[in-house]
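For reference, the chains in residue letters:
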Amino acid sequence: MSNIKNTQSAPGDRQRPTSELETVVIRFAGDSGDGMQLTGTEFTKSVALEGSDLATFPDYPAEIRAPAGTLAGVSAYQVHFSSQEVFTPGDQPDVLVVMNPAALRINLPDLPRGGIIIANVGSFTQPNIEKAGYTANPLEDGSLSGYQVFAIDISKQVALALEGMGLTAKEVGRCKNFYALGLMFWLYNHPMEREEKSIRAKFQKNPKIAEANITAFRAGYYYGETAELFPSRFVVPPAVIAPGTYRHITGNEATAIGLITAAQLASLPLFCGSYPITPASDILHTLAMYPHYDVITFQAEDEIAAVAATIGAAYAGALGVTTTSGPGMALKSEAIGLAVMAELPLVIVNVQRGGPSTGLPTKTEQADLFQAVFGRNGECPVVVIAPATPGDCFWMAIEAARIAIRHMCPVICLSDGYLANGAEPWKLPEVASLQKIPVTFRTDPQGFYPYLREPKTLARPWVVPGTPGMEHRIGGLEKEDVIGNVSYEANNHEKMVRIRAEKIARIVHEIPNATVYGDPSGDLLIVGWGSTYGAITQAVKSLRRRGYRVSALHLRYLNPMSANVGQILANFRHVLVAEMNLGQLLMMLRAQFLVDAVGFHKIQGRPFKISEIVTKVEEILGAREQAELCTHAEVG
Amino acid sequence: MTQCNLEQAPKLTRKDFISDQDVRWCPGCGDYAILAGIQRVMPELGIPREKIVFVSGIGCSSRFPYYMNTYGFHSIHGRAPAIATGIKLTRPDLMIWVITGDGDGLSIGGNHLIHTMRRNVDLKILLFNNRIYGLTKGQTSPTSVHGMKTKSTPFGALDRPFNPLSVAIGSAATFVARSIDIDSPHLQYVLRRAADHKGTAFVELYQNCNVFNDGTWESVTDKDVRSDRLLVLEHGKPLVFGKERKKGIRMRPDMSPEVVEIDGDTSGLLIHDETRTDEGYHFMLSRLSGPDFPQPVGVLRAVREPTYDELMTEQGRTVSQQQGKGNLEKLLHAGETWMVS
Ligand SMILES: Cc1ncc(C[n+]2csc(CCOP(=O)(O)OP(=O)(O)O)c2C)c(N)n1
Ligand code: SF4
């Protein structure tokens, strides 16, 4: 916590001074049975209500319950909050809360020297220490001397606090996370009442457990107050945030409600055919709660059935959506080809994860771009777009639906694990300001052919079964131009391939121009897409503050790309494409624009750190002299 | 003739269901007879053409929708039941027929077929069984006879064949029937029954592929042997077969079926009951086959159970009643919100 601004006493605190901080990053880490995700989200909620800007990063293992205390079972949740605009969950934690030795071992490398460790000593037993691969107790052997260590026997304290409540030892153990939460509430000056209400609501069905957790929560809070461990409390002043109503939203939630919103704007039923897969399942879970919004969720027997049913629904006049992640996407490819051939609107959400194959199911990656753009048999163009932040998932879901309906084509929306689970405070849009999505079902049999085209968009008419006088047959075999009958005629096939390509290419006229963050020309342009937005933007911001002539271009439309992308690339001396793969967008940009771009790749199942991007740019442009930096900094 | 006839929609005829596409099956293919049967039955259903959708997968039989002057969707290999499910859930008012082959339905699409049946989606599924892959020119299918020599199994197929009726009953299909391409009256009867059924109606149709598997059903369907090799099921009637109807089927005390000679007296024989809710008896029927037993044709099973689409509509209605019809304002404000001013 290097950014302490001033020290003052906050009202309400007994003696302890309160320091004001601009930015804090806390990581809660423990065994997957320790409830760290819950602790993290509860703390985040409170942070949001205190008015900070924030971003979060949950990081949990693929195993549902790896053996307790092992390295494989460590689950973590990082929250970054600030009085300034926040773009990422933060490179490094300032505070690391560890519930066991394994959590310490896994997360310590990310903690900068001098950082705070709050450790549950109670779990640093000999077997746990060994399970974590330590030979000696790290809390005692001096290896943590470079950090500020606060060792608290949370296990014991919780046991004492809950004595006599008639709980089993297991139930008592489960309350540890709320003790840790209470301690953090005290440390960062958050009000307890709101959280107690929230706990009560969460455990509504089991008042005894609710009371136990509240007791543990209070014990943690009061321990902070009485134990004199910490020299000061901290407060992060509210950020300057645009006025409005906010809620805390993850990318998956935003995608789900964006899809429902799109269907309502189009006055269509929403049909979501899906098969559970991490990290996409939550979209299905969220949609399933809203049958009263004209939402049909169909958990199919596999991804192929999921997309196939969705195509059937689109054919029948619904807004058809199928949600999945990489391996499921692979299974859907043949059916997506059918939707391209049948020219039906279809929204496909791929929440990317590490691959190939089952890969890293719970970790993030951006390596399905080629699959989205090219991954089908035949000349099979589809629209590909990608949201930049969790909240942007809402807007891109609507955009996907709008394009699919208007152009009668599949649209792939590439989210990823980092966006899906990451959260940010999200400003609710005004419902009245949302643009309707016009839908025309053709009902006039006069002069009708299934593959007649709207001259501007080249979209064919959407005729739903049940419409009298328009009975016709469609399918995956090549179609005779306009007429729509099966045709193997050589020139017709070439013509139809070209028309389908042209239909997608023309969408360029209807999507917004890309905007550059920073100056429109300069020494280096960092190009990104998807969830790298935060890290790239923050890196460019800090590089520019230090005088570098660096800008960023974030592509939300990947196929087709916005009309001005080529021009923007040409305005920079260097183009650096930062992505969580081996250079997929890089290859597309080089191929489409003949630009001598270079790539920056990270394929570790983890998002970019801001510092990694900064270092890379410094490497390319050379480190700046301190003096020069200062003058530039003045300019802006 | 009454005066309101002019107001009514003209009664449809077989011709109204014939599309303008040339039928391109091999001359002599059993598919023609099935097409004719379906085109005959359609007008009798009293359902307007636009309310009928034919969905198919890939295979010779799956070209079927092109030849019907209704709505049609020729899709991808094996996936027709899933596509049809999506259509039905979106538009429960449509009558949807799924056309599939033994390869399409039981091999690549086996998963979708069984799950559609277990869910009881209101679809009529017609599986054209020629015990061969026709469109890809003669490889074994999941119903091919064990040991059969084909291009892909020159030394004999090692696979054991599926029995489609057993698969359907094992998947808890609510309507299960079998008929034969060349027996037009019976075929039409079964199709009408399938059309009347609410829920998944699964119909196996013996179909001759005269090019790659000619005569595969001859040993049971040939005029000369048919009466001894086929057991024609009729609800409420004893299981009797044979040229002079002198053979019947009854249960041994150990619950295995046996064929007995009868002389007019049918007491003690099994009485066919389509409506039994337990699957045991219907499953037993599905297993009957030569040389010891005749093969059943007709309706094995017809039980009324709530369909997936009915349950879905009902659930949506209940949630709407409890929570009110959703609106965007409520959706966006769900969960905890806070104001920044
Ligand atoms: C994904 C895929 N795999 C394979 C094929 C090739 N294929 C087309 S039809 C068929 C088998 C059809 O057999 P069946 O369902 O028995 O139909 P029939 O042609 O005998 O009517 C196969 C393997 C295909 N079209 N798509
Ligand atoms: S190959 Fe066989 S099934 Fe296909 S059309 Fe010819 S006869 Fe019919």
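**With respect to the pattern of salt bridges**
All names here are of chain A. Applying the stated criterion to the full structure yields 45 salt bridges over all chains. The partner of Lys363 in a salt bridge is Asp59, with the nearest N and O atoms 2.6 Å apart. Linking Lys363 in the loop between strand 14 (346–352) and helix 13 (369–374) with Asp59 in strand 4 (residues 53–59), this pair joins segments that are 304 residues apart in sequence. On the basis of relative accessible area, Lys363 is assigned to the partly exposed category, the value being 23%.

**Quick look at the pairing of strand 2 (residues 71–74) of chain B**
In strand 2 of chain B, alternate side chains face the same way, and those of Tyr71 and Phe73 of chain B on one face and Gly72 and His74 of chain B on the other are all buried. Note: strand 18 (residues 473–475) of chain A against strand 2 of chain B, 3 bridges, orientation parallel. Bridge pairing in strand 2 of chain B links Ile474 of chain A to Phe73 of chain B. Across 4 bridges, the pairing between strand 1 (residues 52–56) of chain B and strand 2 of chain B is parallel. Opposite Val53 of chain B, over in strand 2 of chain B, you have Tyr71 of chain B as the bridge partner.

**Structural notes on the confidence of the model for chain A**
Per-residue confidence for chain A gives a mean pLDDT of 93; residues scoring 70 or more make up 95%. Scored below 50 in pLDDT, residues 1–13 of chain A shows 30 contacts in the model against residues more than four places distant or in partner chains.

**Considerations on the sheet that holds strand 10 (residues 257–261) of chain B**
Residues and elements named next belong to chain B. If you walk across this open sheet you meet the 3 strands as 8-9-10, and the pairing is antiparallel. The open sheet terminates on both sides in strands that have one partner only, identified here as strand 8 (240–241) and strand 10. Of the pairings in the sheet, the one linking strand 8 to strand 9 (residues 247–251) comprises 2 bridges and is antiparallel in character. Along strand 9, the bridge assignment pairs Val240 with Gly248.

**Looking at the site of ligand 2**
The environment of ligand 2 is formed by Trp25, Cys26, Cys29, Cys60, Asn130, Gln207, Cys209, Asn210, Val211 and Phe212 of chain B. Of the residues belonging to the shell around ligand 2, the class tally is 7 nonpolar, 3 polar and no charged.

**Thoughts on the site of ligand 1**
Residues in close proximity to ligand 1 total 17 residues, the closest being Cys60, Asp104, Asn130, Gly134 and Leu135 of chain B. Those residues lying near ligand 1 are distributed over chains A and B. In the model, an oxygen atom of ligand 1 is placed 3.0 Å from a nitrogen or oxygen of the Gly103 of chain B main chain. Contacts to ligand 1 include Ile132 of chain B, whose backbone N or O atom sits 3.1 Å from an oxygen atom. When the free accessible area of ligand 1 is taken as 600 Å², the share hidden by the protein chains comes to 78%. By residue number, the principal contributor to the shell around ligand 1 is helix 3 (residues 102–108) of chain B, which donates 4 residues. In terms of residue class, the shell around ligand 1 is made up of 6 nonpolar, 8 polar and 3 charged.

**What to know about the packing of aromatic side chains**
Residues and elements named next belong to chain A. Tallied over the full model, the rule gives 31 aromatic pairs over all chains. For the pair Phe28 and Phe43, a centre-to-centre distance of 5.8 Å together with 65° between the ring planes defines the contact as edge-to-face. Taken together, the residues span a long stretch of sequence, with Phe28 in strand 3 (residues 23–31) and Phe43 in helix 1 (residues 36–49) at a distance of 15 residues. In this pair, the class of Phe28 matches that of Phe43, namely buried. Measuring from centroid to centroid gives 5.4 Å for Phe57 and Tyr418, while their planes differ by 75°, and the two rings are edge-to-face. Taken as a pair, Phe57 in strand 4 and Tyr418 in helix 15 (residues 417–421) lie far apart in primary sequence, 361 residues in all.

**Things to note about empty space enclosed by the protein**
All names here are of chain A. Throughout the structure, instances matching the rule amount to 3 cavities of 30 Å³ or more. Within this model, the largest cavity holds a volume of roughly 80 Å³. Every residue lining the largest cavity is listed: Phe57, Pro58, Asp59, Tyr60, Thr362, Lys363, Thr364, Gly417, Tyr418, Asn421 and Gly605. Looking at the lining of the largest cavity, the elements that each hand over two or more residues are strand 4 and helix 15.

**Here's the deal with the environment of Ser286 of chain B**
Residue and element names in this part refer to chain B. Tracing the backbone shows Ser286 in helix 9 (residues 280–287). Owing to a relative accessible area of 1%, Ser286 belongs among the buried residues under this scheme. Measuring from C-alpha to C-alpha, the distance between Ser286 and Gly134 comes to 25 Å, with 152 residues separating the pair along the chain. For Ser286, the residues in contact, after removing those within four places along its chain, are Asn163, Leu165, Ser166, Ile169 and Leu300.

**Section: the interface of chain A and chain B**
Counting residues at the interface gives 69 residues for chain A and 56 residues for chain B. Contact between chain A and chain B buries roughly 5,200 Å² in total, counting both sides, with carbon and sulfur atoms accounting for 63%. Taken as a group, His292, Glu301 and Arg473 of chain A account for 15% of the area that chain A buries against chain B, more than any other trio of residues on that side. Secondary structure elements with two or more residues in the side of chain A that touches chain B: helix 1, strand 10 (244–250), helix 9 (251–265), strand 12 (295–299), helix 11 (303–315), helix 12 (326–342), strand 17 (423–427) and strand 18 of chain A. Of all the elements, helix 11 of chain A adds the most residues to the side of chain A that touches chain B, at 8 residues. Among the residues making up the side of chain A that touches chain B, the classes are represented as 45 nonpolar, 16 polar and 8 charged.

**A look at the side chain of Thr221 of chain B**
Residues and elements named next belong to chain B. Relative to the elements of secondary structure, Thr221 occurs in helix 7 (residues 218–221). According to the relative accessible area criterion, Thr221 is buried, its value standing at 6%. The residues contacting Thr221, other than those within four sequence positions of it, are Ile180, Ile182, Tyr206 and Arg226.

**Remarks on the pairing of strand 14 of chain A**
Note on strand geometry: in a regular strand, side chains alternate between the two faces of the sheet. Residues and elements named next belong to chain A. Across the 7 residues that make up strand 14, a large majority, 7, are buried. In the sheet, strand 13 (residues 319–324) pairs with strand 14 via 4 bridges, with the strands oriented parallel. Looking at strand 14, one finds that Thr322 is bridged to Ile348. As a crossover connection, the stretch from strand 13 through helix 12 into strand 14 is right-handed. Pairing geometry for strand 14 and strand 16 (residues 410–416), over 7 bridges, is parallel. Bridge pairing in strand 16 links Leu346 to Pro410.

Here is what the cut-offs are and how they apply
Residues numbered from 1 in each chain as written. Chains lettered and ligands numbered in written order. Predicted model: local features only at pLDDT ≥ 70, side-chain atom pairs only at ≥ 80, totals over all residues. Heavy atoms only, no water. Salt bridge = Lys/Arg side-chain N within 4 Å of Asp/Glu carboxyl O. Helix = DSSP H or I, 4+ residues; strand = E, 2+ residues; numbered from the N terminus. Buried < 20%, exposed > 50% of the residue type's maximum accessible area, 1.4 Å probe, protein only. Pairing = 2+ DSSP bridges. pLDDT = per-residue confidence, 0-100. Contact = heavy atoms within 4.5 Å. Near = heavy atom within 4 Å. Nonpolar A, V, L, I, M, F, W, Y, C, P; charged D, E, K, R; others polar. Polar contact = N/O pair within 3.5 Å; in protein donor to acceptor, adjacent residues only side chain to side chain. Areas by Shrake-Rupley, 256 points an atom, 1.4 Å probe, with all protein chains shown as cover. Phe/Tyr/Trp six-rings, centres within 6.5 Å; stacked < 30°, edge-to-face > 60°. 1 Å grid on protein atoms, 1.4 Å probe; cavity = no way out; pocket = protein on both sides within 12 Å on 5 of 7 lines; lining within 4 Å. Points joined across faces, edges and corners; volume = space filled by probe spheres on them. Buried area = accessible area lost by both parts, 1.4 Å probe. Right-handed = clockwise from strand over helix to strand, strands pointing away.

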